[in-house]
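Single-letter residue listing:
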Amino acid sequence: MVLYTTPFPNSCLSALHAVSWALIFPCYWLADRLLASFIPTTYEKRQRADDPCYLQLLCTVLFTPIYLALLVTSLPFALLGFLLWSTLQSARRPYVYSRLEDKGPASGAALHSEWKGTGPGKSFCFATANLCLLPDSLARLNNVFNTQARAKEIGQRIRNGASRPQIKIYIDSPTNTSISAASFSSLVSPQGSDGVARAVPGSIKRTASVEYGGRHPSDEAANGLASGDPADGGSLEDACIVRISGDEGGRPPEAVDPPAGGQARNGAGGGPRGQTPNQSQRDGDSGSLGSPSASRESLVKARAGADGGGGGEPGANSKLPHKSSVAKKAAVRRRRHPDEAFDHEVSAFFPANLDFLCLQEVFDKRAAAKLKDQLHGYFEYILYDVGVYGCHGCCSFKCLNSGLFFASRYPIMDVAYHCYPNGRSSDSLASKGALYLKVQVGNTPHDQRIVGYISCTHLHALPEDSDIRCEQLNMLQDWLADFRKSTSSSSAANPEELVAFDVVCGDFNFDNCSSDDKLEQQHSLFTRYKDPCRLGPGEEKPWAVGTLLDKDGLYDEEVCTPDNLQKVLESEEGRREYLAFPSSKSPGGGQKGRKELLKGNGRRIDYMLHGEEGLCPDWKAEVEEISFITQLSGLTDHLPVAMRLMVSAAEEEA
């Protein structure tokens, strides 16, 4: 299949579209700024309360007449541009494909050529997030603002989290097999502004071993480490383990100076950031790997010198005697959650070695371009500006695209997009729909392609329209079946492709707890696809966390950094305070008052599902880990969700 790298089939149409948008944009920007000035966020309200001179109010009064005058002046040009723009939409393609070719060891071509479908198996990591990248005036309805700066910061944070080394922590304690993020947050800083690892005041009474597996190949080259098998996440022989200890006197551990050229790659650019409150990070923010304080997953690689490091440990070769200890702790870590065969956590970072990223509500085209530029530092293949505009392809006029955005480290083979035709009210102004992708993740020794299917969607939002969402779920399944049939080049007699996974994810706009969502909870989608976070219709697993934040508390100090939000969500009281909960029929006040009467862990409306039908019969896909991610705290009103799948040979399970 030919992937579209431009929105129009020829340069003439692209030039006409650019002219039309140039005529529209001044009016669009002025209207957006004018409306935004009358929709303050809670952060801006607090700033105004602390402004004794009312300077912000004065600026609004002075600039409003100017904006109005310019808006009226630009209207005739905008009308002319709109007529041209709407006419061109019939020739517009439904997405734009971007590839930043990487010929290094981390390129997509190198990745999919590594796995042959043999050996111990292969893990794939998926993440989904709703970013609320709307025009600024509309984004403020969700209590977020400065869309352009947020887009850049979101891209940087995702890239930082995904490109860091994969870290596993095992605790040498007979009574406690967990370690709090607070202990590590006050213990080690991954790197300062000079790139040198340093210790900060803190102490810990337990001894921890840190295993770095699944390193990004460019990290290994930058640090001069022995290269393991990147496809299998590296072997235990190659794991870099550092033991961190302190005494009861509260003295900081001794800093370990890294070798020359040993700075870990974090993938972040060093440019200036936007001026939104969530981008002015303080010392407690671990959203960036360069922050002075970090959660347990942000610990930097370190090697002790020949004379030993902190805690009296021997030199760099001391990692070898601890291999058996680490292997034992791996089993202990699995037993921490006896109710599940996989791990689940609230994490301050996106998973290391993230393979596929599915995003929703990336509506603003300028923000999408900024996000794409940032994510291309890690993802080689990106689809953005997905959807249709005007009256083309859907029943009603569309002012916004679908908001769907997809990024992958593996080559994209086929793409299809479908617009839901049954949107209603304000939701009908956006071309919400479903994006289907087929990716190549490997080749067998017999030259059979190993592929995977990913479906990303954003369902109808109005809470009272359960029947519309159920219809959209029906269409989602039917379109997926058609996509798989049309893109499959295999037959039972001569299979040319082997399917490794089938994943459906996105913002479904209903949860598994609300009594008003019973119709969606019982949909047949959940019989064909497994939801790792649910026990059944209306019943969540006890560790599942809601993904919709209470928007009124986005800028509270308790949750304004990834580490702080992580700590809050690890407690029941914190979840009740800062997560949105299902609507209640009980009398009472607002959201805060209702939470005292409600049970559960909040509204989980962002889903990550995986299917088993239609996969290669010789393989089995199992969930290894589910993560609820706080790295985008203050930047969106949703929690991203990540899932790691292990695809392995069925005979190895026996």
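The shown structure was predicted, so the numbers you read here are calculated from the model rather than taken from an experiment.

Basis of the calculations
Residues numbered from 1 in each chain as written. Predicted model: local features only at pLDDT ≥ 70, side-chain atom pairs only at ≥ 80, totals over all residues. Heavy atoms only, no water. Helix = DSSP H or I, 4+ residues; strand = E, 2+ residues; numbered from the N terminus. Expected span 1.5 Å × (residues − 1). Buried < 20%, exposed > 50% of the residue type's maximum accessible area, 1.4 Å probe, protein only. pLDDT = per-residue confidence, 0-100. Contact = heavy atoms within 4.5 Å. Axes fitted to C-alpha atoms, helices over the stretch in contact; angles between N-to-C directions. Parallel < 35°, antiparallel > 145°, perpendicular 65-115°, else oblique. Left-handed = near helix turned anticlockwise from the far one by under 90°. Nonpolar A, V, L, I, M, F, W, Y, C, P; charged D, E, K, R; others polar. UniProt positions renumbered as here; feature names shortened; annotations may be inferred. Pairing = 2+ DSSP bridges. Polar contact = N/O pair within 3.5 Å; in protein donor to acceptor, adjacent residues only side chain to side chain.

1. So, helix 6 (residues 147-163)
In this model helix 6 runs 24 Å from its N-terminal to its C-terminal C-alpha over 17 residues, within 8% of the 24 Å that 1.5 Å per residue would give. In terms of residue burial, helix 6 counts as a mostly covered element, since 16 of its 17 residues are buried.

2. Observations regarding the confidence of the model for the protein chain
Of the residues in the protein chain, 67% have a pLDDT of 70 or more, and the chain-wide mean is 76. Overall, residues 585-590 carries pLDDT values under 50, and its contacts beyond four positions in sequence, including any with other chains, amount to five contacts. A low-confidence stretch, residues 592-597 stays under pLDDT 50, and its non-local contacts, those more than four residues away or across chains, total 12 contacts.

3. Focus on the packing of helix 1 (residues 11-36) against helix 3 (residues 55-88)
Packing of helix 1 against helix 3 brings their axes to within 7 Å, and their N-to-C directions diverge by 150°. Here helix 3 runs roughly antiparallel to helix 1, going by the angle between their axes. Regarding helix 1 and helix 3, the two cross each other, and that crossing is left-handed. Looking at the contact of helix 1 with helix 3, its residues break down into 22 nonpolar, five polar and one charged.

4. Remarks on the UniProt feature "transmembrane region" (unreviewed entry) in the protein chain
Under the local residue numbering, the UniProt record ascribes the feature "transmembrane region" (unreviewed entry) to residues 12-31 and 52-85. Across residues 12-31 one finds 100% helix and 0% strand; the C-alpha atoms that close the span lie 29 Å apart.

5. Things to note about the sheet that holds strand 10 (residues 381-384)
Spatial ordering of the open sheet is given by 1-10-11-9-2-21-20-8, a layout of eight strands whose pairing is mixed. Each of the sheet's edge strands pairs with one partner strand only, and the pair in question is strand 1 (96-99) and strand 8 (343-347). Strand-to-strand twist across the sheet, computed as the mean angle between neighbouring axes with direction ignored, equals 15°. By the bridge criterion, six bridges tie strand 2 (residues 122-133) to strand 9 (residues 356-362) in an arrangement that is parallel. Bridge pairing in strand 9 places Ala-127 opposite Leu-357. In this fold helix 10 (residues 365-375) packs onto strand 1, strand 2, strand 9, strand 10 and strand 11 (405-408), with an angle of close to 160° to the strand it touches most, strand 9.

6. Side note on the environment of Tyr-381
Within the secondary structure layout, Tyr-381 lies in strand 10. The exposure class assigned to Tyr-381 is buried, which follows from its relative accessible area of 3%. In this structure the C-alpha to C-alpha distance between Tyr-381 and Leu-100, which are 281 residues apart in sequence, comes to 6.9 Å. Separated by 3.5 Å, the side chains of Tyr-381 and Glu-380 make a polar contact.

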